[in-house]
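Listed below, chain by chain, are the residues.
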Amino acid sequence: LGVWDSEGAGMAPAKFDPVKWDSTLVDRSPSVVDGELTLAYDVHDGWASVSIAAGTLGMSYGECIQHRSGAGWLPAYLVEVTRRRKPWAISLDGGNGDAVAILGEVRQAFEEAGLDPELVKPLTSSLYRAACGAVWRAVEDGKATRPRVKPDQLQAAGEVASARHVGVDGGWVWDRSNAPVPLSPLVSWTIA
């Protein structure tokens, strides 16, 4: 009758099918061999949401291993996890100005800790776009898995995340600008 539904107005639909997104949850995390681990970090909403996720090279498994506000903790935490788990790579969205802004501090912390600062590399926009498509396909195909945890910021981000189309080839990335919850857990999980 022409009555505007203000709840959810202006929001694009979530990219993940809710049933398929929920089916990615597993009760037992697989064993991940050191050296087959990848890490990624992301910053969203002006440092209000900073996340680190871990992924694997051999399977479509990933988890959000840290989620906090502010960025002062990020370089030291990445050094600690790198020393302990020996990741193959650490990445970030090279198009995210906030994540790139702290890259120098992260690399400096790695150098001071005797770790290779070149281990931390931003993804190009085309690689980030490919990662978004690949993680969506893995969820759709029932191949992606993640642990069941409480609280689960990754769950909340995946429930609402929508796509923002980029380029002329039909590619897309996660739409940070219209997200009702921080997407850093999902973006870092996607990259990892």
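In case you missed it, the structure is sitting above this.
Rules of the game
- Residues numbered from 1 in each chain as written.
- Predicted model: local features only at pLDDT ≥ 70, side-chain atom pairs only at ≥ 80, totals over all residues.
- Heavy atoms only, no water.
- Axes fitted to C-alpha atoms, helices over the stretch in contact; angles between N-to-C directions.
- Helix = DSSP H or I, 4+ residues; strand = E, 2+ residues; numbered from the N terminus.
- Parallel < 35°, antiparallel > 145°, perpendicular 65-115°, else oblique.
- Contact = heavy atoms within 4.5 Å.
- Nonpolar A, V, L, I, M, F, W, Y, C, P; charged D, E, K, R; others polar.
- Buried < 20%, exposed > 50% of the residue type's maximum accessible area, 1.4 Å probe, protein only.
- Polar contact = N/O pair within 3.5 Å; in protein donor to acceptor, adjacent residues only side chain to side chain.
- Pairing = 2+ DSSP bridges.
- Phe/Tyr/Trp six-rings, centres within 6.5 Å; stacked < 30°, edge-to-face > 60°.
- Lys NZ or Arg CZ within 6 Å of the ring centre and 35° of its normal.

Student: Would you mind going over the packing of helix 5 (residues 125–140) against helix 7 (residues 184–191) in detail, with residue names and values included?
Tutor: With their axes 8 Å apart at the nearest point, helix 5 and helix 7 run at an angle of 95° to one another. As far as their axial angle goes, helix 7 and helix 5 are roughly perpendicular. Touching Tyr128, Ala131, Cys132, Val135 and Val139 of helix 5 are Val187, Trp189, Thr190 and Ile191, all from helix 7. Residue composition of the contact of helix 5 with helix 7, by class: eight nonpolar, one polar and no charged.

Student: Pulling in residues and values, what's your account of the side chain of histidine 44?
Tutor: When you line up the elements, histidine 44 lands in strand 2 (residues 37–44). On the basis of relative accessible area, histidine 44 is assigned to the buried category, the value being 10%. A distance of 3.4 Å separates the side chain of histidine 44 from the backbone oxygen of arginine 176, its partner in a polar contact. At a separation of 2.7 Å, a polar atom in the side chain of histidine 44 contacts the main-chain amide nitrogen of leucine 183. Ignoring anything within four residues of it in the chain, the contact list for histidine 44 reads Ser49, Arg176, Ala179, Val181, Pro182, Leu183 and Ser184.

Student: Hey, could you go over the sheet that holds strand 2 for me, with residue numbers and the actual values?
Tutor: Pairing within the open sheet is mixed, and its five strands lie in the order 4-3-2-5-6. In this open sheet, the two strands that pair with only one neighbour each are strand 4 (62–68) and strand 6 (120–123). Across the sheet, the axes of successive neighbouring strands diverge by a mean angle of 25°, strand direction being ignored. Of the pairings in the sheet, the one linking strand 2 to strand 5 (residues 89–93) comprises three bridges and is parallel in character. By the bridge assignment, alanine 40 is partnered in strand 5 with serine 91. Where helix 2 (residues 74–85) meets the sheet, it contacts strand 2, strand 3 (49–56), strand 4 and strand 5, and its direction lies at approximately 170° from that of strand 2. Contacting strand 2, strand 3, strand 4, strand 5 and strand 6, helix 7 runs over the sheet at an angle of about 30° to strand 3.

Student: Tell me about the packing of aromatic side chains, residues and numbers included.
Tutor: Aromatic ring pairs are reported here in terms of the distance separating the ring centres and the angle at which the planes meet. Tallied over the entire structure, the rule returns five aromatic pairs. Their ring planes at 5° and their centres at 4.6 Å tell us that phenylalanine 16 and tryptophan 21 sit as a pair that is stacked. Considered together, phenylalanine 16 and tryptophan 21 belong to a single accessibility category, that of buried residues. Here phenylalanine 16 and tryptophan 174 contribute two aromatic rings whose centre-to-centre distance is 5.2 Å and whose plane-to-plane angle is 55°, an arrangement assigned as tilted. Pair noted here: phenylalanine 16 is in the segment before helix 1 (18–22) and tryptophan 174 is in strand 9 (residues 172–174), with a separation of 158 residues, a long-range link. The pair formed by phenylalanine 16 and tryptophan 174 is uniform in burial state, with each residue classed as buried. By way of ring pairs, the aromatic residues Phe16, Trp21, Trp172, Trp174 and Trp189 are connected into one cluster. Directly above the ring of tryptophan 136 sits lysine 15, whose terminal nitrogen or CZ lies 5.0 Å from the centroid. When the ring centre of tryptophan 172 is taken as origin, the NZ or CZ atom of lysine 15, which lies over that ring, is 4.8 Å away.

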